[in-house]
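Spelled out from the first residue to the last, the chains are:
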Amino acid sequence: MPESYDVIVIGGGPGGYVAAIRCAQLGLKTACVDERADARGRASLGGTCLNVGCIPSKALLDSSEQFERLNHRFAGHGIRVDNASMDIGKMLARKDKIVGKLTGGIALLFKANAVDSILGRAQLLENRMVEVSEPGGAVRRLSAAHIILAPGSQPLELPGIPFDHDTVVDSTDALGFAQVPARLGVVGAGVIGLELGSVWRRLGAEVVMVEALDDFLPAVDRHIAREAARQFKRQGLDIRLGATVQKVEKVEKRKKAGGAVRMAYRQKGRVHEVEFERVIIAVGRGPATDGLLSPSSGVALDARGFIEVDDRFRTAADNVWAVGDAVRGPMLAHKGSEEGVAVAERIAGGSGHVDFNTVPWVIYTAPEIAWVGRTEKQLAEQGVPVRAGTFPFAATGRALAMEEPVGMVKLIAHAHTDRLLGAHLIGPHVSELIAECVLALEYQASAEDLARTIHAHPTLSEAVHEAALAVDGRAIHKA
């Protein structure tokens, strides 16, 4: 007889492990099946985010940003350092230590909440049966009243350009370069490409980014995207828009000043060739659903391999739910976590809810970029009358004192009701400042509400306050 549970969660990433913990908190006998293992063969929970995504990339971003400050910004504080160097091995070891601490922390949370952690590759069969192929070759069967699918996502390849994980690499490979490439190509100037390109540019690589789209960061408000492009160009990121990659091939004979990979791309009707030591393919991610479902499972996939769900996260199979990167919506860890909580609460008889209109986005470059709600362009296309207020960080005492006076806050409100509809920020630590704006949108606040909220001085948050005042044309510290 198969082992029986109230809930089996397939996938131990931010959607899956959070769902499993919440199910257990609600009194449900829960198991979580995940195939990722660490170097010692133990379960390494946390999915892509903790193991090879959000957390390790932020560790490297922080290390490289410290190095950047040391070389280029500390002088403004009167701190002089000559011949600074970076120990790449120690930087990577620090990253791995952080990852290990956090993945181990999830294992402790599972133990504290009595969630059974099962290491292996799971496939959903008919009638909510789950077959688990364990690392040693054993196969075991489980069953549950409810199944939550949270398989996550994986890097996409370019057609005809497979990863060799040496010179043509994915985002996971790019987190572990043993040395700084002299010349690095990045295909894709989106979130992943910008963050990884920033890391290795700060450490000394010449970085060329090739982006097929004509617009830079099209999902971002145009004011913010233009400022971001200006800042990245100043930093030395070479971003080539409207450039479609035709071919990436190894160069048999390395040149002294050349590379191991030759890329051909088409831009404005002309084909250009350029050589790199390595090329990162960062054109997005796709659902990790290969082999997840047996034909008899009853769960449907769309043409791109995403699990089809309704607005309550239910699949076509009874009592089978799906959350996270493998379903519609943005591929964001916090979005997956909220979906996991919502599903757990619905299984337990509650009414879990996720408001997709107030999901924050962050790009952890320097300056950081963050936003929530709609852009001015989207609102114009929808015929919504708006008023917008902006305020530069250069006019705040805290940003000047930090030697980081770049970027701005832009708030958009309905022209008649003053209700906040969007918040768009670029500048220092805006990944933290966006939380105030998310809360304001969630509570349906007006720009006036933010304008009448006292913000401590001197803080970066004063830029949010002043932008709210600027919606009504009455910013105090803006000429």
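Residues numbered from 1 in each chain as written. Predicted model: local features only at pLDDT ≥ 70, side-chain atom pairs only at ≥ 80, totals over all residues. Heavy atoms only, no water.

Student: Tell me about the overall build of the protein, and name the residues and values.
Tutor: Tallying secondary structure elements over the protein gives 12 helices and 22 strands in all. Relative to a compact globule of 479 residues, whose C-alpha radius of gyration would be 23 Å, the protein shows 24 Å and is just as compact. The dimensions of the protein, computed from C-alpha atoms along their principal axes, are 75 × 65 × 45 Å. Of all 479 residues assigned to the protein, the portion counted as buried reaches 51%. Expressed as a percentage of contacts within the protein between residues at least 6 apart in sequence, the contacts between residues at least 24 apart total 61%. About 22200 Å² of surface is accessible on the protein, with carbon and sulfur atoms providing 50% of the total. Within the protein, the 58 negative side-chain charges are centred at a point lying 4 Å from the centre of the 55 positive side-chain charges. (Helix = DSSP H or I, 4+ residues; strand = E, 2+ residues; numbered from the N terminus. Rg over C-alpha atoms; globule rule 2.2 N^0.38 Å. Buried < 20%, exposed > 50% of the residue type's maximum accessible area, 1.4 Å probe, protein only. Contact = heavy atoms within 4.5 Å. Areas by Shrake-Rupley, 256 points an atom, 1.4 Å probe, with all protein chains shown as cover. Lys, Arg positive; Asp, Glu negative; His and termini not counted. Charge placed at Lys NZ, Arg CZ, Asp CG, Glu CD.)

Student: I'd like a description of the sheet that holds strand 13 (residues 261–267), backed by residues and values.
Tutor: Pairing is antiparallel in the open sheet, where 3 strands are placed in the order 12-13-14. Two strands in the sheet have a free side with no partner beyond their single neighbour: strand 12 (243–250) and strand 14 (270–276). Here the strands of the sheet are splayed against their neighbours by 20° on average, with no regard to which way each runs. As paired elements, strand 12 and strand 13 share 7 bridges and run antiparallel to each other. Bridging from a neighbouring strand, Val-248 pairs with Met-263 of strand 13. (Pairing = 2+ DSSP bridges. Axes fitted to C-alpha atoms, helices over the stretch in contact; angles between N-to-C directions.)

Student: Before we move on, could you go through the sheet that holds strand 11 (residues 238–240) and cite the residues and values that matter?
Tutor: Spatial ordering of the open sheet is given by 8-15-9-10-11, a layout of 5 strands whose pairing is parallel. Of all the strands in the sheet, just strand 8 (168–169) and strand 11 have a single pairing partner and so form its edges.

Student: Go over the pattern of salt bridges, please, and point to the residues and values.
Tutor: For the coordinates displayed, the defined rule picks out 34 salt bridges. Taking the shortest distance from any N to any O, the salt bridge between Arg-140 and Glu-3 comes out at 2.7 Å. A residue pair is termed long-range when its members are at least 10 positions apart, and Arg-140 in strand 6 (residues 139–149) and Glu-3 in strand 1 (residues 3–10) qualify at 137 residues. Classification of Arg-140 as partly exposed rests on a relative accessible area of 25%. (Salt bridge = Lys/Arg side-chain N within 4 Å of Asp/Glu carboxyl O.)

Student: With reference to specific residues and values, describe helix 5 (residues 191–202).
Tutor: Taking 1.5 Å of rise per residue, 12 residues should cover 16 Å, and helix 5 covers 17 Å from first to last C-alpha, within 8% of that figure. Buried residues dominate helix 5, accounting for 10 of its 12 residues. Where helix 5 is concerned, the buried positions are Gly-193, Leu-194, Glu-195, Leu-196, Gly-197, Ser-198, Val-199, Trp-200, Arg-201 and Arg-202. Looking one or two places after helix 5, you find Gly-204, whose phi comes out positive at around 125°. (Expected span 1.5 Å × (residues − 1).)

Student: Account for the nonpolar core, with residues named and values stated.
Tutor: Here is a general trend for soluble globular proteins: nonpolar side chains tend to be buried in one another's company. Within the largest apolar cluster, 37 residues are counted, with the highest numbers of intra-cluster contacts made by Leu-184, Trp-200, Leu-217, Ile-280 and Ile-369. Setting aside chain neighbours within four positions, we find Ile-369 in contact with Leu-217, Val-220, Ile-224, Ala-228, Phe-232, Trp-361, Val-362, Ile-363, Leu-425, Ile-426 and Val-430. Residues Val-372, Phe-393, Leu-425 and Val-438 belong to the second largest nonpolar core, which totals 31 residues. (Core = buried A, V, L, I, M, F, W, Y, C linked by side-chain atoms within 4.5 Å.)

Student: Hey, could you go over the packing of aromatic side chains for me, with residue numbers and the actual values?
Tutor: Summed over the entire model, instances satisfying the criterion amount to 4 aromatic pairs. Where Phe-216 meets Phe-232, the ring centres are 6.2 Å apart and the plane angle is 85°; that geometry is what we call edge-to-face. Note that Phe-216 is positioned in the loop between strand 10 (206–210) and helix 6 (222–235) and Phe-232 in helix 6, a separation of 16 residues in sequence. In terms of burial, Phe-216 and Phe-232 fall into one category: buried. Taking 5.5 Å as the distance between ring centres and 10° as the angle between the ring planes, the aromatic pair formed by Trp-361 and Trp-371 counts as stacked. (Phe/Tyr/Trp six-rings, centres within 6.5 Å; stacked < 30°, edge-to-face > 60°.)

Student: Which residues make up the packing of helix 3 (residues 54–72) against helix 5, and what values go with them?
Tutor: The description of two packed helices rests on the angle between their axes and on the distance between the axes. Direction vectors running N to C along helix 3 and helix 5 enclose 35°, while the axes themselves pass 9 Å from each other. In this structure, helix 3 crosses over helix 5, and the sense of that crossing is left-handed. Residues Ser-57, Lys-58, Leu-60, Leu-61, Ser-64, Glu-65, Phe-67 and Glu-68 of helix 3 pack against Glu-195, Ser-198, Val-199, Arg-201 and Arg-202 of helix 5. (Left-handed = near helix turned anticlockwise from the far one by under 90°.)

Student: Before we move on, could you go through unusual backbone geometry and cite the residues and values that matter?
Tutor: Here the bond from Ala-366 into Pro-367 is cis, since omega is 5°, no more than 30 degrees from zero. Note that Pro-367 resides in the loop between strand 18 (361–363) and strand 19 (368–373). Of the consecutive residues His-457 and Pro-458, the connecting peptide bond is found in the cis state with omega at 0°. One can find Pro-458 in the loop between helix 11 (447–451) and helix 12 (462–471). Positive phi values are uncommon outside glycine, yet His-165 reaches one of about 60°. On the secondary structure map, His-165 appears in the loop between strand 7 (153–155) and strand 8.

Student: Would you mind going over the pairing of strand 13 in detail, with residue names and values included?
Tutor: Within strand 13, 5 of the 7 residues are buried, which leaves the element mostly enclosed by the surrounding structure. Direction of pairing for strand 13 relative to strand 14: antiparallel, over a ladder of 7 bridges. In the sheet register, Arg-262 faces strand 14, and the bridge partner there is Glu-275. Taking the residues between adjacent antiparallel strands as the criterion, strand 13 and strand 14 are bridged by 2 residues, where Lys-268 takes a positive phi near 55°.

Student: Summarise the side chain of His-146; cite the residues concerned and give the values.
Tutor: As for its position among the elements, His-146 is in strand 6. Contacts of His-146, omitting those with residues within four sequence positions, involve Asp-6, Val-7, Ile-8, Arg-128, Asn-319, Trp-321 and Ile-347.

Student: Which residues make up the environment of Pro-2, and what values do they have?
Tutor: Locating Pro-2 in the fold gives a position in the segment before strand 1. Judged by its relative accessible area of 26%, Pro-2 is partly exposed. Sequence spacing of Pro-2 and Leu-142 is 140 residues, and the spatial spacing of their C-alpha atoms is 4.8 Å. Among all residues touching Pro-2, those that are not within four sequence positions of it are Met-129, Arg-141, Leu-142 and Ser-143.

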